[in-house]
Amino acid sequence: MTMHSETIADLQRSVLAANLELVEAGLVLFTFGNASGVDRDSKQIVIKPSGVDYAKLRAEDMVVCSLDGKLAPGSLRPSSDLDTHLHLYREFAEIGAVVHTHSTYATAWAQAGREIPAYGTTHADYFHGPIPVTADLTDEEIDGDYVLNTGKQITRRFLGVTPPLDPLAIPGVLVRGHAPFAWGRTPAEAAHNAIVLEAVAHMAFLTTTLAQGCPPVSQALLDRHYHRKHGSAATYGQG
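Residues numbered from 1 in each chain as written. Predicted model: local features only at pLDDT ≥ 70, side-chain atom pairs only at ≥ 80, totals over all residues. Heavy atoms only, no water.

**Points about the sheet that holds strand E4 (residues 97-100)**
Read across the open sheet, the 6 strands follow the order E3-E2-E1-E4-E6-E5; overall the sheet is antiparallel. Whereas interior strands pair on both sides, the edge strands pair on one side only; in this sheet they are strand E3 (63-66) and strand E5 (172-174). Geometrically, the sheet is characterised by an average inter-axis angle of 20° between neighbouring strands, direction not taken into account. Pairing of E4 with strand E6 (residues 180-184) involves 4 bridges; the strand directions are antiparallel. Of the residues in E6, the one forming a bridge with His100 is Phe181. In the packing of helix H7 (residues 187-210) onto the sheet, contacts are made with strand E1 (34-39), E4, E5 and E6, and the angle to E6 comes to roughly 140°. (Pairing = 2+ DSSP bridges. Helix = DSSP H or I, 4+ residues; strand = E, 2+ residues; numbered from the N terminus. Axes fitted to C-alpha atoms, helices over the stretch in contact; angles between N-to-C directions. Contact = heavy atoms within 4.5 Å.)

**With respect to the nonpolar core**
Membership of the largest hydrophobic core comes to 57 residues, with the highest contact counts inside it found for Ile45, Leu174 and Trp183. Sort the elements by how many residues they give to this core and H7 lands first, with 8 residues. (Core = buried A, V, L, I, M, F, W, Y, C linked by side-chain atoms within 4.5 Å. Buried < 20%, exposed > 50% of the residue type's maximum accessible area, 1.4 Å probe, protein only.)

**Quick look at the packing of helix H3 (residues 104-112) against H7**
At a minimum axis separation of 7 Å, H3 and H7 run at an interaxial angle of 65°. H7 is crossed by H3, and the crossing has left-handed handedness. Taking contact as the criterion, the partners of Thr104, Tyr105, Ala106 and Trp109 in H3 are, on H7, Leu197, Glu198, Ala201, His202, Ala204, Phe205 and Thr208. For the contact of H3 with H7, the class distribution of residues is 7 nonpolar, 3 polar and 1 charged. (Left-handed = near helix turned anticlockwise from the far one by under 90°. Nonpolar A, V, L, I, M, F, W, Y, C, P; charged D, E, K, R; others polar.)

**A short note on the pattern of salt bridges**
Opposite charge on two side chains permits them to pair, given that their charged atoms come into close proximity. Evaluated as defined, the whole model comprises 7 salt bridges. Here Arg58 and Glu60 are joined by a salt bridge, their closest N and O atoms 3.4 Å apart. Judged by relative accessible area, which is 45%, Arg58 ranks as partly exposed. According to the relative accessible area criterion, Glu60 is exposed, its value standing at 53%. The partner of Arg156 in a salt bridge is Glu141, with the nearest N and O atoms 3.6 Å apart. Of this pair, Arg156 sits in helix H6 (residues 146-159) while Glu141 is found in helix H5 (residues 139-143), placing the two residues 15 residues apart along the sequence. Looking at Arg156, the relative accessible area reads 41%, which means it is partly exposed. Classification of Glu141 by relative accessible area gives buried; the value is 14%. One salt-bridge network, in which partners are shared between bridges, spans Arg58, Glu60 and Asp61. (Salt bridge = Lys/Arg side-chain N within 4 Å of Asp/Glu carboxyl O.)

**What about H3?**
Since the α-helix packs 3.6 residues into each turn, any two residues three or four apart lie on the same face. Along H3, the residues classified as buried are Ala106, Thr107, Trp109 and Ala110. Projected down its long axis, H3 shows its buried positions confined to an angular sector of 155°, all on one face. More than 90 degrees from the buried face of H3, the exposed residues found are Thr104, Gln111 and Ala112. As for H3, its buried residues are in contact with E5, E6 and H7. Positioned one or two residues after H3, Gly113 has a phi angle of 70°, which is positive. (Arc of directions from axis to C-beta.)

**Observations regarding the environment of Ile142**
Mapped onto the elements of the fold, Ile142 is located in helix H5. Between the C-alpha atoms of Ile142 and Arg13, which are 129 residues apart in sequence, the distance is 34 Å.

**Here's the deal with the pairing of E3**
Residues Val63 and Cys65 point to one face of E3 and Val64 and Ser66 to the other, with burial holding for every one of them. Pairing of strand E2 (residues 44-47) with E3 involves 4 bridges; the strand directions are antiparallel. If you follow Val46 over to E3, its bridge partner there is Val64.

Structural data, given as structure tokens:
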């Protein structure tokens, strides 16, 4: 497998930083969760190794493999979610990083099999619509290539509907009965989106507790807040 050492070393450092940010934000327990990043030029990804204590992780421990899953020589064993990450990179060409956690509130919505409605402008700043939930995996999908089939359920939820969902406009999903995945253009952005997803899930839980049957914000307010942060007409920040 061809390796561009400087680029891959930079990506390993970025992926390590994203994984550690998840810990700092309180989104992972023990060795739960993982972050990865892709180098589209060399068609390689870097992902957290399986079951290694976060406190002991080094950049060089981040596992390098090709987009078809071939590991670089000397690599540690990759995250058990590798095939889900690989499938998302193959199907969502615009993304550059993937994060998976079992953060409390987002996981609760996933376990309940409920999408997260856009109840307010915090949600709208990051997600241009409700955060979707996948369908259940069938028994055959679970007994078969479970990790790959998890990825297929995610992409089916985005690309198998009319109109299709834009993964950059809605950079996260809830896998029914499992937990959230989030993504972005970079490992830092993917970790940021995962942290926001958890915050939005928490707010949505409190909203439904306080006001059962609360409607989502209007499309006009959703559009206004999303587009002020995203796209060519964005006005938020310093440009």
